[in-house]
Amino acid sequence: MTAGSPSTPATLALERAGIPFTPHVYEHHETATNFGEEAAAALGLREDQVFKTLVVSVDGQLAVAVVPVANRLDLKAIAAALGGKKATLAQPVVAEKRTGYVVGGISPVGQKTRLRTVVDASALEHPSIFVSGGRRGFDIEVAPEDLVRVTEASTAPIART
(Lines give C-alpha, C1' and ligand atoms only; values in the text may rest on other atoms or scores of the structure.)
Protein backbone atom coordinates (compact mmCIF):
# COMPACT_ATOMS: atom_id res chain seq x y z
CA MET A 1 0.00 0.00 0.00
CA THR A 2 1.31 3.42 -0.86
CA ALA A 3 1.06 6.48 1.36
CA GLY A 4 -2.13 8.42 0.85
CA SER A 5 -4.15 5.50 -0.50
CA PRO A 6 -7.14 4.35 1.52
CA SER A 7 -7.35 1.20 3.55
CA THR A 8 -10.61 -0.55 2.70
CA PRO A 9 -12.00 -4.06 3.21
CA ALA A 10 -10.82 -4.77 -0.36
CA THR A 11 -7.20 -3.74 0.26
CA LEU A 12 -7.16 -5.56 3.60
CA ALA A 13 -8.48 -8.75 1.97
CA LEU A 14 -5.82 -8.56 -0.76
CA GLU A 15 -3.09 -7.97 1.81
CA ARG A 16 -4.30 -10.91 3.95
CA ALA A 17 -4.30 -13.14 0.86
CA GLY A 18 -0.79 -11.99 -0.10
CA ILE A 19 -1.99 -10.71 -3.46
CA PRO A 20 -0.03 -7.82 -4.97
CA PHE A 21 -2.02 -4.81 -6.12
CA THR A 22 -1.44 -1.19 -7.00
CA PRO A 23 -3.79 1.46 -5.56
CA HIS A 24 -4.96 4.30 -7.81
CA VAL A 25 -6.71 7.29 -6.26
CA TYR A 26 -8.50 9.81 -8.47
CA GLU A 27 -10.86 12.71 -7.91
CA HIS A 28 -14.47 11.53 -7.92
CA HIS A 29 -16.99 14.14 -9.02
CA GLU A 30 -20.31 14.03 -7.16
CA THR A 31 -22.20 14.60 -10.42
CA ALA A 32 -20.74 11.46 -12.02
CA THR A 33 -23.20 8.63 -12.56
CA ASN A 34 -21.10 6.28 -14.69
CA PHE A 35 -18.42 5.45 -12.17
CA GLY A 36 -16.44 3.05 -14.36
CA GLU A 37 -16.15 5.51 -17.22
CA GLU A 38 -15.16 8.19 -14.73
CA ALA A 39 -12.37 5.95 -13.37
CA ALA A 40 -11.08 5.08 -16.85
CA ALA A 41 -10.99 8.75 -17.91
CA ALA A 42 -9.42 9.96 -14.66
CA LEU A 43 -6.73 7.27 -14.73
CA GLY A 44 -6.08 7.59 -18.48
CA LEU A 45 -7.01 3.96 -19.19
CA ARG A 46 -8.83 2.11 -21.95
CA GLU A 47 -12.35 1.14 -20.90
CA ASP A 48 -11.71 -2.52 -21.71
CA GLN A 49 -9.13 -2.69 -18.87
CA VAL A 50 -11.35 -1.09 -16.20
CA PHE A 51 -14.01 -3.42 -14.81
CA LYS A 52 -17.25 -2.63 -13.02
CA THR A 53 -18.72 -4.75 -10.25
CA LEU A 54 -22.44 -5.43 -10.58
CA VAL A 55 -24.62 -7.26 -8.07
CA VAL A 56 -27.25 -9.42 -9.72
CA SER A 57 -30.04 -11.71 -8.62
CA VAL A 58 -29.99 -15.09 -10.37
CA ASP A 59 -33.13 -17.09 -9.67
CA GLY A 60 -33.46 -15.18 -6.39
CA GLN A 61 -29.84 -15.65 -5.27
CA LEU A 62 -27.45 -12.71 -5.25
CA ALA A 63 -24.19 -12.94 -7.16
CA VAL A 64 -21.51 -10.63 -8.55
CA ALA A 65 -20.62 -9.95 -12.17
CA VAL A 66 -17.33 -8.23 -13.07
CA VAL A 67 -17.39 -6.80 -16.60
CA PRO A 68 -15.44 -4.18 -18.58
CA VAL A 69 -16.90 -0.68 -18.32
CA ALA A 70 -16.78 -0.58 -22.15
CA ASN A 71 -19.45 -3.30 -22.25
CA ARG A 72 -22.82 -4.21 -20.79
CA LEU A 73 -23.62 -7.23 -18.68
CA ASP A 74 -25.41 -9.97 -20.63
CA LEU A 75 -28.07 -11.09 -18.12
CA LYS A 76 -28.74 -14.36 -19.95
CA ALA A 77 -25.02 -15.16 -19.97
CA ILE A 78 -24.55 -14.49 -16.22
CA ALA A 79 -27.60 -16.61 -15.43
CA ALA A 80 -26.22 -19.47 -17.54
CA ALA A 81 -22.73 -19.09 -16.05
CA LEU A 82 -24.23 -19.59 -12.59
CA GLY A 83 -26.52 -22.44 -13.65
CA GLY A 84 -29.64 -20.33 -13.42
CA LYS A 85 -32.51 -19.39 -15.66
CA LYS A 86 -33.07 -15.65 -15.07
CA ALA A 87 -30.91 -12.77 -13.89
CA THR A 88 -31.79 -9.20 -12.99
CA LEU A 89 -29.71 -6.37 -11.58
CA ALA A 90 -30.08 -6.11 -7.81
CA GLN A 91 -31.59 -2.95 -6.36
CA PRO A 92 -28.83 -0.54 -5.27
CA VAL A 93 -29.91 -0.64 -1.61
CA VAL A 94 -29.69 -4.46 -1.64
CA ALA A 95 -26.28 -4.40 -3.33
CA GLU A 96 -24.97 -1.92 -0.74
CA LYS A 97 -26.34 -3.87 2.22
CA ARG A 98 -24.96 -7.23 1.10
CA THR A 99 -21.53 -5.99 -0.02
CA GLY A 100 -20.90 -3.31 2.60
CA TYR A 101 -19.90 -0.85 -0.14
CA VAL A 102 -21.71 2.08 -1.75
CA VAL A 103 -22.78 1.97 -5.39
CA GLY A 104 -19.91 3.33 -7.46
CA GLY A 105 -17.46 1.88 -4.95
CA ILE A 106 -18.52 -1.77 -4.85
CA SER A 107 -15.41 -3.91 -5.03
CA PRO A 108 -15.47 -7.59 -5.98
CA VAL A 109 -13.00 -8.11 -3.10
CA GLY A 110 -13.64 -7.87 0.65
CA GLN A 111 -17.42 -7.85 0.53
CA LYS A 112 -19.38 -8.11 3.78
CA THR A 113 -21.18 -11.18 2.44
CA ARG A 114 -19.16 -13.25 -0.02
CA LEU A 115 -21.26 -13.78 -3.11
CA ARG A 116 -20.68 -16.14 -6.01
CA THR A 117 -18.67 -14.19 -8.55
CA VAL A 118 -18.19 -14.41 -12.30
CA VAL A 119 -15.46 -12.38 -14.01
CA ASP A 120 -15.86 -11.73 -17.72
CA ALA A 121 -13.41 -13.93 -19.63
CA SER A 122 -11.95 -10.88 -21.40
CA ALA A 123 -10.18 -9.96 -18.14
CA LEU A 124 -7.73 -12.78 -18.77
CA GLU A 125 -6.52 -11.02 -21.94
CA HIS A 126 -4.86 -8.30 -19.82
CA PRO A 127 -1.75 -8.51 -17.62
CA SER A 128 -3.64 -6.38 -15.09
CA ILE A 129 -7.13 -4.97 -14.70
CA PHE A 130 -8.61 -2.20 -12.58
CA VAL A 131 -11.56 -2.72 -10.24
CA SER A 132 -13.06 -0.59 -7.51
CA GLY A 133 -10.97 -0.48 -4.38
CA GLY A 134 -14.02 -0.13 -2.15
CA ARG A 135 -14.92 3.53 -2.46
CA ARG A 136 -15.65 6.08 -5.14
CA GLY A 137 -12.45 7.61 -6.47
CA PHE A 138 -10.30 4.58 -5.66
CA ASP A 139 -9.41 1.70 -7.98
CA ILE A 140 -7.00 -1.16 -7.48
CA GLU A 141 -4.89 -2.67 -10.23
CA VAL A 142 -4.53 -6.42 -9.94
CA ALA A 143 -3.65 -9.40 -12.13
CA PRO A 144 -6.93 -10.94 -13.33
CA GLU A 145 -5.84 -14.43 -12.24
CA ASP A 146 -5.26 -13.08 -8.72
CA LEU A 147 -8.69 -11.45 -8.69
CA VAL A 148 -10.28 -14.73 -9.75
CA ARG A 149 -8.37 -16.59 -7.05
CA VAL A 150 -9.11 -14.20 -4.16
CA THR A 151 -12.83 -13.97 -5.01
CA GLU A 152 -13.09 -17.70 -5.83
CA ALA A 153 -14.69 -16.59 -9.09
CA SER A 154 -15.38 -18.43 -12.27
CA THR A 155 -14.78 -16.84 -15.66
CA ALA A 156 -17.21 -16.79 -18.56
CA PRO A 157 -18.11 -14.53 -21.50
CA ILE A 158 -20.75 -12.47 -19.68
CA ALA A 159 -20.27 -9.07 -21.36
CA ARG A 160 -21.74 -7.75 -24.58
CA THR A 161 -21.20 -4.56 -26.55
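Definitions and cut-offs
- The residue numbers shown here count from 1 along each chain, following its written sequence.
- Selection of residues for local features in this predicted model requires a pLDDT of at least 70, selection of side-chain atom pairs for listing and counting requires 80 or more, and totals for whole chains, interfaces and linings are taken over all residues.
- Note that the side-chain values use all heavy atoms of the structure and ignore hydrogens as well as water.
- Under the DSSP-based scheme used, a helix requires at least four consecutive residues in state H or I and a strand at least two consecutive residues in state E, with every element numbered from the N terminus.
- Our radius of gyration is a C-alpha quantity, and the globule rule it is checked against amounts to 2.2 Å times the number of residues to the power 0.38.
- The contact criterion used throughout is that any non-hydrogen atoms of two residues lie within 4.5 Å.
- Using the Shrake-Rupley algorithm and a 1.4 Å probe, accessible areas are obtained, with residue cover drawn only from the displayed protein chains.
- Working convention for charge: Lys and Arg count positive, Asp and Glu count negative, and His plus the chain ends are omitted.
- Where a charge sits is defined by one atom per residue type, namely NZ (Lys), CZ (Arg), CG (Asp) or CD (Glu).
- Only protein chains enter the accessibility calculation, which uses a 1.4 Å probe; a residue whose area is less than 20% of its type maximum is buried, one above 50% is exposed, and one in between is partly exposed.
- For two strands to be treated as a pair, DSSP must find at least two bridges joining them.
- To define axes, lines are fitted to C-alpha atoms, for helices over the stretch in contact only, and angles between the resulting N-to-C directions are given on a 0 to 180 degree scale.

Examining the overall build of the protein chain
Move 1: Helices and strands together make up the secondary structure of the protein chain, namely five helices and ten strands.
Move 2: Its C-alpha radius of gyration of 14 Å places the protein chain within 12% of the 15 Å reference for a compact globule of 161 residues.
Move 3: Along the longest, intermediate and shortest principal axes, the C-alpha atoms of the protein chain span 45 × 35 × 30 Å.
Move 4: Long-range contacts, defined here as pairs at least 24 residues apart, represent 62% of the contacts in the protein chain between residues at least 6 apart.
Move 5: Only carbon and sulfur atoms are counted for the fraction: they give 51% of the accessible area of the protein chain, which is about 7,900 Å².
Move 6: Seen as two clouds, the 16 positive and the 17 negative side-chain charges of the protein chain have centres 10 Å apart.

Focus on the pairing of strand β8 (residues 138–142)
Move 1: Where burial is concerned, most of β8 is hidden: four out of the five residues are buried.
Move 2: Relative to β8, strand β1 (residues 22–25) runs antiparallel, the two being bridged by four bridges. Looking at β8, one finds that P23 is bridged to I140.
Move 3: Here five bridges tie strand β7 (residues 129–135) to β8, and the two strands are oriented antiparallel to one another. Bridge pairing in β8 places F130 opposite E141.
Move 4: As consecutive antiparallel partners, β7 and β8 are separated by two residues, and within that stretch G137 has a phi angle of approximately 85°, a positive value.

Concerning the sheet that holds strand β3 (residues 61–68)
Move 1: Strand order in the open sheet formed by five strands is β5-β2-β3-β6-β9, with mixed pairing between adjacent strands. The outermost strands of the open sheet, each flanked by one partner alone, are β5 (87–89) and β9 (154–156). Averaged over all pairs of adjacent strands, the angle between strand axes in this sheet comes to 35°, irrespective of strand direction.
Move 2: As paired elements, strand β2 (residues 51–58) and β3 share eight bridges and run antiparallel to each other.

Some thoughts on the sheet that holds β7
Move 1: Ordered in space as β1-β8-β7, the three strands form an open sheet in which the pairing is antiparallel. Each edge of the open sheet is held by one strand with a lone partner, namely β1 and β7. Neighbour to neighbour, the strand axes of the sheet diverge by 35° on average, direction disregarded.

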